[in-house]
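Okay, here's what each chain looks like letter by letter:
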Amino acid sequence: NAQALVDSKHQIIVQADAFGTGTDHHHLEPVIDGAKENMVAIGHTEEYFKDKILSADTSYHSTENIKKCEEEQIDAYIPEHEISRVYSKK
């Protein structure tokens, strides 16, 4: 299962990885951590992602991922599983 974090403004991948599991909900934290390492390596501060917007589909929604985004002060848009089911039925 491949994951990528993309800087939409500059159209570049800032972190990519492949995981041996098919579900996405455990992959957000290591991708964010890897992206932070990459940004620090090229001269940005550890707070580079503070107040940045992250959007992901419902398969990334978990308490741990929301907590990680709050810790990093990332403005995350990750729909809940139940909400997406309601809208898909309309």
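Residues numbered from 1 in each chain as written. Predicted model: local features only at pLDDT ≥ 70, side-chain atom pairs only at ≥ 80, totals over all residues. Heavy atoms only, no water.

Of all hydrophobic cores here, the largest spans 15 residues; its most connected members are Leu5, Leu28, Phe49 and Leu54. Of all the elements, helix α1 (residues 28-41) adds the most residues to this core, at 5 residues. Contacts of Leu5, omitting those with residues within four sequence positions, involve Ile12, Ile13, Val14, Gln15, Val31, Ala35, Phe49 and Leu54. (Core = buried A, V, L, I, M, F, W, Y, C linked by side-chain atoms within 4.5 Å. Buried < 20%, exposed > 50% of the residue type's maximum accessible area, 1.4 Å probe, protein only. Helix = DSSP H or I, 4+ residues; strand = E, 2+ residues; numbered from the N terminus. Contact = heavy atoms within 4.5 Å.)

Turning next to the packing of aromatic side chains. Enumeration over the complete set of coordinates arrives at 1 aromatic pair. Aromatic pair Tyr48 and Phe49: ring centres 5.1 Å apart, planes at 85°, arrangement edge-to-face. Residue classification places Tyr48 among the buried positions, given a relative accessible area of 18%. Taking the relative accessible area as the measure of exposure, Phe49 reaches 12% and is therefore buried. Here Lys52 stacks its cationic end above the ring of Tyr48, 4.5 Å away from the centre of that ring. (Phe/Tyr/Trp six-rings, centres within 6.5 Å; stacked < 30°, edge-to-face > 60°. Lys NZ or Arg CZ within 6 Å of the ring centre and 35° of its normal.)

Turning our eyes to something else, we now look at the pairing of strand β2 (residues 12-18). The pairing of strand β1 (residues 2-7) with β2 spans 6 bridges and is antiparallel. Counted as the bridge partner of Asp7 is Ile12 from β2. Hairpin geometry of β1 and β2 is characterised by an intervening segment of 4 residues between the two adjacent antiparallel strands and by a positive phi of about 60° at Gln11. (Pairing = 2+ DSSP bridges.)

Tallied over the entire structure, the rule returns 4 salt bridges. Two residues, Asp33 and Lys68, come together in a salt bridge whose shortest N-O distance is 2.5 Å. One end of the pair, Asp33, is in helix α1; the other, Lys68, is in helix α2 (residues 63-72), and 35 residues separate them in sequence. A relative accessible area of 27% places Asp33 in the partly exposed class. A residue is classified by how much of its surface remains accessible, and Lys68, at 7% relative accessible area, is buried. Across the pair Glu72 and Lys68 runs a salt bridge, and its minimum N-O distance is 3.1 Å. Of the two residues, Glu72 and Lys68 are both situated in helix α2; the distance of 4 residues between them amounts to about one turn of the helix. (Salt bridge = Lys/Arg side-chain N within 4 Å of Asp/Glu carboxyl O.)

Moving on, we get to the side chain of Asp24. Among the structural elements, Asp24 can be located in the loop between β2 and α1. On the basis of relative accessible area, Asp24 is assigned to the buried category, the value being 14%. At 2.9 Å, the side chain of Asp24 forms a polar contact with the side chain of Asn1. Excluding anything up to four places from it in sequence, Asp24 contacts Asn1, Gln3, Asp57, Ser59 and Tyr60. (Polar contact = N/O pair within 3.5 Å; in protein donor to acceptor, adjacent residues only side chain to side chain.)

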